[in-house]
Every structure is written in C-alpha cells, then in structure tokens.
Amino acid sequence: MMAEEKYTPQTWPADPEKQTLEGRNKFIGFWLFLGGETVLFASLFATYLALKNKGTHVTTNELFSLPLVFVMTMLLLTSSLTSVYAIYHMKNFHFKKMQFWFFITVLLGATFLALEIYEFYHYVHEFDFGFTSSAFSGAYYTLVGTHGAHVLFGLGWITALIIRNAKRGLSLYNAPKYYVASLYWHFIDVVWVFIFTVVYLLGKVG
Amino acid sequence: MENNSVHRTSVEYRRKKSAKEMRNQFLTFILMIFFTVISFVSVAYNDLFPSNFVAPFILLLAGIQVIFQLYYFMHASHKGHEMPMFFMYSGVFAAFLTILAFLTIVWW
Amino acid sequence: MSSIAEKRSVGAVLWEYLTTVDHKKIAHLYLFGGGFFFLLGGIEALLIRIQLLKPQFGFMSEETFNEMFTMHGTTMIFLAAMPLLFALMNAVVPLQIGARDVAFPFLNSLGFWLFFFGGVFLNLAWIFGDAPDAGWTSYASLSLFSEGHGIDYYTLGLQISGFGTLISGINFLVTIINMRAPGMTFMRMPMLTWTTFIASSLILFAFPPLTASIFFLMFDRLFTTNFFDVTAGGNTIIWEHFFWIFGHPEVYILILPSFGIFSEIISTFSRKRLFGYSSMVFATILIGFLGFMVWAHHMFTTGLGNVANAIFAVATMAIAVPTGIKIFNWLLTMWGGSIKITVPMLYALGFIPSFVIGGVTGVMQGIAPLDYQLHDTYFIVAHFHYVIVGGVVFALLAGAHFYWPKMFGTMLSERLGYITFVLFFIGFHLTFFIQHFLGLWGMPRRVATFLSGQGLDMGNFISSIGAFMMGIAIVIMLVNIVITTVKNQKVGNDPWEDGRTMEWALESPPVYYNFKQTPFVRGIDTYWIEKMEGNKGLTPAEPLDDIHMPNNTIMPVIISLGLFIAAFGMMYNPMNQVGDGKPWAIPVLIIGLCITFGTMLIRSIKDDHGYHIPKEELMNDKHKGGIAS
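These numbers were taken from a predicted model, which means no experiment stands behind them.

**Some points on the overall build of chain A**
In step 1: Helices and strands together make up the secondary structure of chain A, namely six helices and zero strands.
In step 2: Each helix and strand of chain A, ordered N terminal to C terminal, gives the series α-α-α-α-α-α.
In step 3: Principal axes of the C-alpha set define a box for chain A whose edges measure 65 × 30 × 25 Å.
In step 4: Evaluated residue by residue, chain A yields a buried proportion of 56% over its 206 residues.
In step 5: Restricting to contacts in chain A with at least 6 residues of sequence separation, those with at least 24 account for 79%.

**What about the overall build of chain C?**
In step 1: When its secondary structure is counted, chain C shows 21 helices and two strands.
In step 2: For 629 residues, the compact-globule formula gives about 25 Å, and the C-alpha radius of gyration of chain C, at 24 Å, lands near that figure.
In step 3: Taking the principal axes of its C-alpha atoms as reference, chain C extends roughly 70 × 60 × 50 Å.
In step 4: Looking at chain C as a whole, 56% of its 629 residues are labelled buried.
In step 5: Look at the contacts in chain C between residues 6 or more apart in sequence, and 82% of them connect residues 24 or more apart.

**Things to note about the environment of L274 of chain C**
Residues and elements named next belong to chain C.
In step 1: Position of L274 among the secondary structure elements: in the loop between α9 (237-269) and α10 (277-290).
In step 2: Of the residues examined, L274 has 21 C-beta atoms within 10 Å and is grouped as buried.
In step 3: For the pair L274 and D525, spaced 251 residues apart in sequence, the C-alpha to C-alpha distance is 9.3 Å.
In step 4: In this view, L274 contacts M191, S263, S267, M280 and T333; residues no more than four positions away in its chain are not counted.

**Overview of the packing of helix α1 (residues 21-51) of chain A against helix α7 (residues 150-178) of chain C**
In step 1: Two elements in contact, α1 of chain A and α7 of chain C, have axes separated by 9 Å at closest approach and are oriented at 135°. In this view, α1 of chain A runs oblique relative to α7 of chain C, as classed from their interaxial angle. Here α1 of chain A and α7 of chain C pass one another in a crossing that is right-handed. Contacts from R24, N25, I28, G29, L32, F33 and G36 of chain A of α1 of chain A reach α7 of chain C at L166, I170, L173, V174, I177 and N178 of chain C.

**Considerations on the interface of chain C and chain B**
In step 1: Taken together, the 14 residues of chain C in the interface contact twelve residues of chain B.
In step 2: Broken down by element, the side of chain C that touches chain B gets its largest block of residues, four residues, from α9 of chain C.
In step 3: Residues that form the side of chain C that touches chain B fall into these classes: ten nonpolar, four polar and no charged.

**Looking at the UniProt feature "domain: Cytochrome oxidase subunit I profile" (unreviewed entry) in chain C**
In step 1: Under the feature "domain: Cytochrome oxidase subunit I profile" (unreviewed entry), the UniProt entry names residues 9-522 of chain C.
In step 2: Within the segment residues 9-522 of chain C, helix and strand shares are 70% and 0% respectively, and the terminal C-alpha atoms sit 43 Å apart.

**Considering the domain arrangement of chain C**
All names here are of chain C.
In step 1: Once the domains are mapped, chain C shows domain 1 (3-553 + 608-620) and domain 2 (557-607).
In step 2: Each partner contributes residues to the interface: domain 1 has 17 residues there, and domain 2 has 16 residues.
In step 3: If you list the elements that add at least two residues to the side of domain 1 that touches domain 2, you get α5 (105-127), α7 and α8 (191-222).
In step 4: For the side of domain 1 that touches domain 2, the element with the highest residue contribution is α5, accounting for five residues.

**Thoughts on the interface of chain A and chain B**
In step 1: Each partner contributes residues to the interface: chain A has 44 residues there, and chain B has 45 residues.
In step 2: Contributing elements (two or more residues each) for the side of chain A that touches chain B: α1, α3 (66-91) and α6 (175-205) of chain A.
In step 3: Take the side of chain A that touches chain B: its biggest share by element is 14 residues, from α1 of chain A.
In step 4: When its residues are assigned to classes, the side of chain A that touches chain B shows 27 nonpolar, 13 polar and four charged.

**A look at α5 of chain C**
In step 1: With 23 residues, α5 of chain C should cover 33 Å at 1.5 Å per step; its first-to-last C-alpha distance of 34 Å lies within 8% of that length.
In step 2: Once α5 of chain C finishes, G129 of chain C follows within two positions and takes phi at roughly 110°, a positive value.

How each quantity is defined
- Residues numbered from 1 in each chain as written.
- Chains lettered and ligands numbered in written order.
- Predicted model: local features only at pLDDT ≥ 70, side-chain atom pairs only at ≥ 80, totals over all residues.
- Helix = DSSP H or I, 4+ residues; strand = E, 2+ residues; numbered from the N terminus.
- Buried ≥ 20, exposed ≤ 12 C-beta atoms within 10 Å, placed from the backbone.
- Contact = placed C-beta atoms within 7 Å.
- Rg over C-alpha atoms; globule rule 2.2 N^0.38 Å.
- Axes fitted to C-alpha atoms, helices over the stretch in contact; angles between N-to-C directions.
- Parallel < 35°, antiparallel > 145°, perpendicular 65-115°, else oblique.
- Left-handed = near helix turned anticlockwise from the far one by under 90°.
- Nonpolar A, V, L, I, M, F, W, Y, C, P; charged D, E, K, R; others polar.
- UniProt positions renumbered as here; feature names shortened; annotations may be inferred.
- Domains from an automatic or database assignment.
- Expected span 1.5 Å × (residues − 1).

And the structure:
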C-alpha cells in the first residue's frame, strides 16, 4: 500500500507526515497529548511555586548555580535546532542527513541529561538536599525530575527510531513517527524554558 | 496520490521555500539564544537591576521563546494546525488557572 | 453475537475478546467491566443503607463503614459510571460519524485494559485486608494518616485506570476530528458525538492534575516525601485544589455524555428533530468551559477568603444558564412531537424533573454563605445523587435499553423494562429526596450511625427502603438481560423504527467493518433524511474498494498487566510509610515496568500494517454494511 511505497526526492510529498490517515491521526493525537502535558507540567509548576523554600534548610538562592544551568540550557536549545534540521531534511527526502541530525540531537540530549544527573548528585551530597528532605525538595525534584524523565524517554524513542529505520530509509509509514518525535522534543524544550526561568533564575532573584 | 504529476520545477520551488523557512528558523534560534543570555545576565548581575523589574522581564522573554518554539520550530504557523492550537491554548488556559490559584488561594 | 460466533469454543471467544481492537467488541468489554463494578458499588451502597437502617445499628464496624462509603464512591465514579459511558460511546460514536473504527484501535484496547487492571487492583484491597477509608476525595491530611495499605491501593489503582481514561479521551477526540465521513461537518454531528467530544476534551485537561496529585500522595505515603506533611513545610490544601480541579470537570465528563444520550432518545421518540440543535452545541461547549472555573465551590468552608468564594460562587451559578438552555430544548423537542413511550423514553421523562431538582440544590450550594450550613451534611449527599443517579445512571439505563439492539442484536423486554423503571424511579426518589431533609435536620455525612430520638430514624428508614427498591430494579434488569440473551431473537437494522442517526442504518450488531462503503452525509439526522426520501440505506460517498483493517493483538493486556505487577512492587517497597517493605518489592517493580516498557518497545519496532479485506470478498458478503444496494 501507499505507506510502504518507495519514493524518490521528486515524488516525495511536501507534508510526508500527513499523507496517510494514520499519519494525520498521529499528528492530531500527539498535539492533543501535548495539550494534556501542558496541564500536567502546570500542576507541577504550581506545586513547586506553592512549596518553594518551604521547610528547607537550604534555599534556592544558596542551592542553584547559574553557570551549570546556562550550559544545560544551551545544550537543550541547540538540540531543538538540530531536530529542526532533521525535519528539514526529512521534507527534502535526505534520509542520511535526517538520521545524522537526529543523532546529534540525541547526543546533545544525553549530555544534558548527564549534567542534570550530576546536578542532582551534587545537591544531595554537597547540600544534603534529597528527595525526602523537605516539602520544597520534593516539589523541586518532582518538577525537574519529571522533565528529566521526559528527556530520557525522548532519547530512547529517537534512538529506537534511528536504529529501527537505519536500513530501510524514509517512507510514509515512518515519516509521521519521526515528525511526532521531533514535536515531543520541542515540547521538552518549551518546558525547560519555563524551568530555567521560573525555577532557576527566579530562584536567584527573589 | 498524484505522484507522477509532480514536476521537477515544483520540487525545486518547494526546496527553495523550505530553505527559506530554514533560514528563518535559524534566525529564530539566534534570537532565542540571545534572549536566554539576556535573562541569565539580568539575573547574574541583579544588583544592577531591581528584582521587581527582572522577574516580569525574564518571564516575558520566556513567553516569547515559547511562541518561537511553537510557531517556528513546531510549525504551528502552517496550515492544518487550527485544531492542535485550539487544544494547546485550552491547555494553556487550564494551566494558567491552576498556577493562578496556587499563587493566590493556597494557604501559606 | 452472530451465528458464526456461537459455534466457536469458549476459549476462542475469550481469546478474541482479549486481543480485539474492534470498537464494538471493546464496547462489550467496557459494558461487562463497568457493569461488574457497578454491581459491586451497588452492593456496597446497600450495605451502607443496612447500617443506617436504624439508630446505632451494629451491622458493621465504624472502620468497615468508612471503607464501604469510600469504595462505594470511588468505584461508582471511576470504575462504573465512566466505563459504562465509554461502553456506549465506543459502541455508537464511530457509527454515528460514519467511521470504520476509532482513530487508534490499539490505544482503545489499551485504555480498556488499563482501566480494568486498575479497577481490579483497587478492589484487591478488600481481599488483602485494608480498603481505602478516607472518602473518595481522599483529603491528604486524613489519607496520610490512614493505617495499612488502603490508600496505596487507591493511589496506584486510580493512577493505572486514570492513564487508561486519558488514552481513551485522546482517542475519541482524534476519532471525531479526523474520521468523520464526507459531509459530516461539526455542526451536523449527532448530540452524543458532540458531548463525547467535549467530555473527552475535559478528560484531556482534567486528568493530568489528578495524575500529578496522586503522584504526590503516592510519594508521600510510599517514599516519605513531604508534599502534604505540614511539619516539613508541606501543604494539604494542595491536594484539595488538585482533587477538585480534576473533580469538578469530572462530573461534567459524566453528565455531558448523559445529556447526549437523552438528546438522542428524546428526539428519536418525539420523532422530531432536536429543538435548538446549535444552542445545544453551544451550551455543551459553555458547560465544558465554565466547568474548569468552579472547582473551589467544593472548598467554600476551607477558608479561601471572601473574594475567592464570591468569584467561584458566581461562576458556579452561571453554569445553571447553559444547563437551563438544555432543559428547555428537550422540553421543546417533545412539544408538538408525536411522542412514543418506550423504556428509554420513560427514563428520559423521569430524568428531566429529577435532574432539575439536583440542579436547583446545586445552585443553592453555590451560594457560599448557605453552603456553610449545608457543607458535609446529607443535603450534599442528596444533591449529588440527584445529579449522578438522576442524570448519569438514568442515562446509562436508558442508553443500555436504547442501544442494546445495536450492541447485541436483541431487544430487551419492554415489560420487564417498565417494571425496572418504575421500581428504580420510585426507589431513587424514596432514597434521596428525604436525605435533603435529613441534611437540613443536621445529619452529617460519612458518619457510621446516628442516635435515636433526634428525628432522624424515620428518614433513614425510608431512605434504606428506597435503596432496596433500586437494588431489586437492577436485579430485574439483569434477569431481563439473561432472558433476552437466552431467547436470542434477532432484530433488524432499525428496531425502534424511528432511528435518526447513521448507526440505525447498519445491521444489529454491525458487521466488523461497519460500513461497506463510507457513507455520504447530507445533513443532521442522516438516516432520517434518507428514510424520508424513501431510500433503504445510506448514500455511498465512494465506490466499493478494499477495506483496511487493524490486526488483533494481545499487547494491550500485557502492557496493563506489567503496570499491575509493578504496582505491587511499588506498594511494598522498603521505604513505605506502613513499614512492611518486602525484599521482593524492588525486583517486582522492575520486572513489572520492564514488561510494560518492553512490550511498548516491541510494539513500536515491529511493523503492524494491518490487513485488507479484498473488494471481491466484500461483493460476495451478504451483509449490506449500511448501503442500500
């Protein structure tokens, strides 16, 4: 059927992610899911704001260090751009280039995650600031940790896509999968923009 | 699908169009990096700026970055995104009410 | 079930239901699953009413009473009402919009199995000793101090079934957005489809806050975090807010599809187009929108402050306006119609006054100062039973009678249906009307007994008698179902003779691919239009061609089972608050999660393109699939 058909750059459609009904369903369904995720993260943010600096021996001002957060932010923002590149090459039917840029995205994401794990380790060992230390620490780790878990899931997802499709190239069957994965990755970045602003920067201001 | 009727010229036209879009996206990226740097700087040197200015200012920058992500990186400006955007904004509305409530009517 | 199905072995049928991705079969699963929990919740209700039959009756201990009303509420809302509505939505909505299935058949099945395993997990609490006992709202200050693992069954079970609900919600939204037949514009969609659409968007935005807060409660109890522990800076009001930010839209998630069912029934049996269709749609959207801004009316006595109370009071009363629009539209649909009294129509007629009573008491409670008097009394119990039983349960019973032929191909007995209705209707009012007064006379809710000589004896006695009448009514309905199934008299496409929407153009039950050719929609009440023009079926929108179908799969069961197993590991982890951590807990948790995520990985790397029914086979098929030729 259409989904398994072989394409050339000339015959490849402009919106490969929306050519099949399955693709269109994935596209809408995933956006709706992101709408729900927005409310989920809002709930975590709301809790964080309500419990900020409550019951803790170490406040945001003493805890956070901006240079590390800045590096993490740059990594994640750049990974957002590389996944845009990947989708650009998907639309131009450059399978190899698309795979390459998704691979770079995964590398950047993995570095981000490694730094986040280091950050948490640092807080636990240097500040004795664990998950169960206080209401504030619980809210902090739940918010930032949920974001980290999303990054981890995204890494696994994109890696699986890269490996699974390495030998068979682009088709209308897997194009929507790549497209949706890139939407997910951008959403992770959106959440991070609020995390670095609301949690880290405002933690230093107040 | 009318694959065979697609001419070479239309492919080139499309490529030019998406190359142009790509340039816009790169520009967006540069702006986002710029905004991020401004946010960090304004907080790092917070003895220079009053904090009741910095807080709304960096929140505004974050808001602009999110708009950039949605409309340029996630292609929400393209056709066919009416329904997704309707639901995203409904989600943002519910999110806003939740955060507003937690900033105002949760006992301290 | 068709004649072919009956010849197969029990094992084959069971396997078919475990692996099915067909929305019509999943509807059956939801009906059986939800029906089972409905009976369970009903038995719990009867036990509660036995305890309250007379003053200081020692039928059960106070602890058991707490567990009983907690499980009654939780079961009825999460495991009975919602799944039963999902049963009707699954059975009908794809047919109403001219689709061959839902958008994500795999996720549809996953949604059911998550709900089912979550529900089973929650009810295992009865078998293993400690049932949840902090009320269905499970307010954090109370639930943190609940002994034993009861609350953990609540959090883990609801978390699992909540994922299932969220998945089903997204599935219905995408189905309605993308899978409508040519010509089926949004403003031609039947009301049940519209209300499903709005209820699903409420699910999408209301369940994430519940997920978040259940995680907090779970972490507090199982990993000793401090979200709600005031001594470590926590705040119990957070739980109340989140629960009601979810909980208030939840009541609209229940009532909107019920409105949809009644809209279909009333217009069918008035043999008249629904009066004010576009205002009905508008009212539905408005109720959904306002539903997110009123949650704090459950918390007037929490002490949020006068400004907050005033805002939420006004917003609450505003909801009476779109609801009133709906009531008048139903009345005006019947006005001048050629009304045919059937069992579903009787429920609809009973619903309107009953629901209005529930709505009026709701506005009374919306008045914040008055709510200080009414809060936590039986007046509240009477109110929400009037809306949930008088609205949702009536709709479920009406819908079950109305759509039974479409789901199973047989007609429930009218005579027994009338008896069920009369008993249930009288029993319902007997049970709950007097509870308004019990509340006003000062009887608090959630208290295991009362003293004699305070004027509460007779009221409670009447209430209990009513509850038993409802119980008998449900038993008669079960007998009706058994008799009908045994008789197995098949009916035609349009057994009510006045079907208006597309599902009535199909066989009862529809063939597995629903529509042989995608139908063409020319207006509201598609099938009615075709009938009025003398057509025997729907107008096709496309020539006969191969039909693409999804493959059956067992994976949803395995994914859900993995979470079910992981939940035990989670509950007995060494850090849990109860202090009975087990060495096997962490391995079990990991194994469970590996099963779930491993199956998801297999699902994503193993291609599943489905299969095609060839055109030749369709031409020889004796089923018409909705098309006249």
